[in-house]
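Structural overview for review
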Amino acid sequence: MARTLAQVDARLTTEIADRKAADAALAARIAALEQPAPTEPTGTVLPAGTSLATAIANVAPGGTLVLRGGTYEVPSMIVTAKSFGLVAYPGETPVITGAGRPDYLYFRGGPNLLRGLTFRAGGGTYDDSMGSACVEADTGCHDLTVEGCTFLGHAAMSGRQQLLYVSSSVGPIAVTGCTFDGMQTRGSGVHCYHDPGPAGITVSGCTFRNFAYEAAVLVDQLASDVLVEANRIDNANIAIQYRKSLGAVIRNNTGTGNRIGLQVVSSTNLVQSGNAL
């Protein structure tokens, strides 16, 4: 039976569509084959569950520990003055937790790098007036970069816990692109504290949320040379508190649901602009 012109046209249209689809699939396969193979990160790769205390003790100065996805418990505090990096394996989420203790990783040297890690507060009890910290940049710490990390609070904490605590460090300290979430007990996300004051601290491009009792960002007790810039802070009792301190620039921070946006207490040398908290 002779085909009508309409039938021929319909068949050609279908064949053309099928050919285009096949060509697109072939192009996608070629593009995938042309992509460079993923490179293994530089450093010592650690499987989940590895003892971080042992790994840090053994890493060469200036080396890098690359953590695969999974949980790393720290049953006792690690205090180190060694220079090294602690980073996530690409595309994976390593979670470091205090395993029931509220403080577990103290830096007293440098340079150091923390990148792409999740720190989960371990709970427990700590009754010191300033409390404990998941990560602390303590006396002598310098050149610490904390980049793209997540800090998670703990609802069962008794006492006060800071998620990241900068105390009497030499500086510079850079905290960028991090997330701080969920301190329903006493404590702050980032706490800059102590005479003679941390030098050269930057907290920028971070997200803070759900700080029920204290400030999400606390610049405290004679701290100076602090930049708090372009952070998002939501649902905090106080978004940013500048207390008894000597010098800071606080600008372009935004947020909603905060009881108090920026609170200044007995401080000097504050430059502020563009905040909408």
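Up top is the structure.
Structure report, in brief. (Residues numbered from 1 in each chain as written. Predicted model: local features only at pLDDT ≥ 70, side-chain atom pairs only at ≥ 80, totals over all residues. Heavy atoms only, no water.)

Turning next to the overall build of the protein chain. A tally of regular secondary structure across the protein chain gives two helices and 25 strands. Counting the 277 residues in the protein chain, one finds 44% classified as buried. Partitioning the contacts of the protein chain with sequence separation of at least 6, the portion at a separation of at least 24 is 64%. Total accessible area on the protein chain stands at roughly 12700 Å², and carbon and sulfur atoms take up 54% of it. (Helix = DSSP H or I, 4+ residues; strand = E, 2+ residues; numbered from the N terminus. Buried < 20%, exposed > 50% of the residue type's maximum accessible area, 1.4 Å probe, protein only. Contact = heavy atoms within 4.5 Å. Areas by Shrake-Rupley, 256 points an atom, 1.4 Å probe, with all protein chains shown as cover.)

Here the focus is the nonpolar core. Grouped together as the largest cluster of nonpolar side chains are 56 residues, with contacts concentrated most on I96, F119, F180 and F208. The contact partners of F119, leaving out residues within four places of it in the chain, are I96, Y104, L105, L114, C134, V135, C149, T150, F151 and L152. (Core = buried A, V, L, I, M, F, W, Y, C linked by side-chain atoms within 4.5 Å.)

A separate point is the environment of F107. With respect to the element layout, F107 can be found in strand β7 (residues 105-107). Placed 32 residues apart in sequence, F107 and T139 show a C-alpha to C-alpha distance of 8.2 Å. With residues up to four places along the chain from it excluded, the contact list for F107 reads T80, F84, N112, L114, V135, E136, A137, D138 and C141.

With that settled, the discussion passes to the pairing of strand β19 (residues 201-204). By the bridge criterion, four bridges tie strand β16 (residues 173-176) to β19 in an arrangement that is parallel. Opposite A174, over in β19, you have T202 as the bridge partner. (Pairing = 2+ DSSP bridges.)

A few words on the sheet that holds β19. If you trace the ten strands from one edge of the open sheet to the other, you get β1-β2-β5-β8-β12-β16-β19-β21-β23-β25, paired in parallel fashion. Because the sheet does not close on itself, it has two edges, and the strands there are β1 (44-46) and β25 (270-273). Pairs of neighbouring strands in the sheet enclose a mean axial angle of 10 degrees, with direction left out of account. Pairing between β19 and strand β21 (residues 226-229): four bridges, direction parallel. Looking across to β21, one finds that I201 is bridged to V226. (Axes fitted to C-alpha atoms, helices over the stretch in contact; angles between N-to-C directions.)

We now examine the packing of aromatic side chains. For any pair of aromatic rings, geometry is given as the distance between the ring centres together with the angle between the planes. Counted by the stated rule, this structure contains five aromatic pairs. Here F180 and F208 contribute two aromatic rings whose centre-to-centre distance is 4.7 Å and whose plane-to-plane angle is 5 degrees, an arrangement assigned as stacked. Of this pair, F180 sits in strand β17 (residues 179-183) while F208 sits in strand β20 (residues 207-220); the two residues are 28 residues apart in sequence, bridging distant segments of the chain. Of the residues examined, F180 reaches a relative accessible area of 0% and is grouped as buried. For the ring pair F208 and F211, a centre distance of 6.4 Å and an interplane angle of 55 degrees mean the geometry is tilted. Looking at F208, the relative accessible area reads 0%, which means it is buried. (Phe/Tyr/Trp six-rings, centres within 6.5 Å; stacked < 30°, edge-to-face > 60°.)

With that settled, consider the side chain of T97. Structurally, T97 can be placed in strand β6 (residues 94-97). Residue classification places T97 among the buried positions, given a relative accessible area of 6%.

As a further point, take the environment of E73. One can find E73 in strand β3 (residues 70-73). Sequence separation of E73 and A53 is 20 residues, and the distance between their C-alpha atoms is 9.9 Å.

Here the focus is unusual backbone geometry. The linkage connecting G110 with the following residue, P111, adopts the cis geometry, with an omega of 0 degrees. Despite not being glycine, N210 shows a phi value in the positive range, around 65 degrees. Classification of N210 by relative accessible area gives partly exposed; the value is 28%. Here N235, not a glycine, exhibits a phi torsion of approximately 55 degrees, which is positive. Within the element layout of this structure, N235 appears in strand β22 (residues 232-243). Owing to a relative accessible area of 42%, N235 belongs among the partly exposed residues under this scheme.

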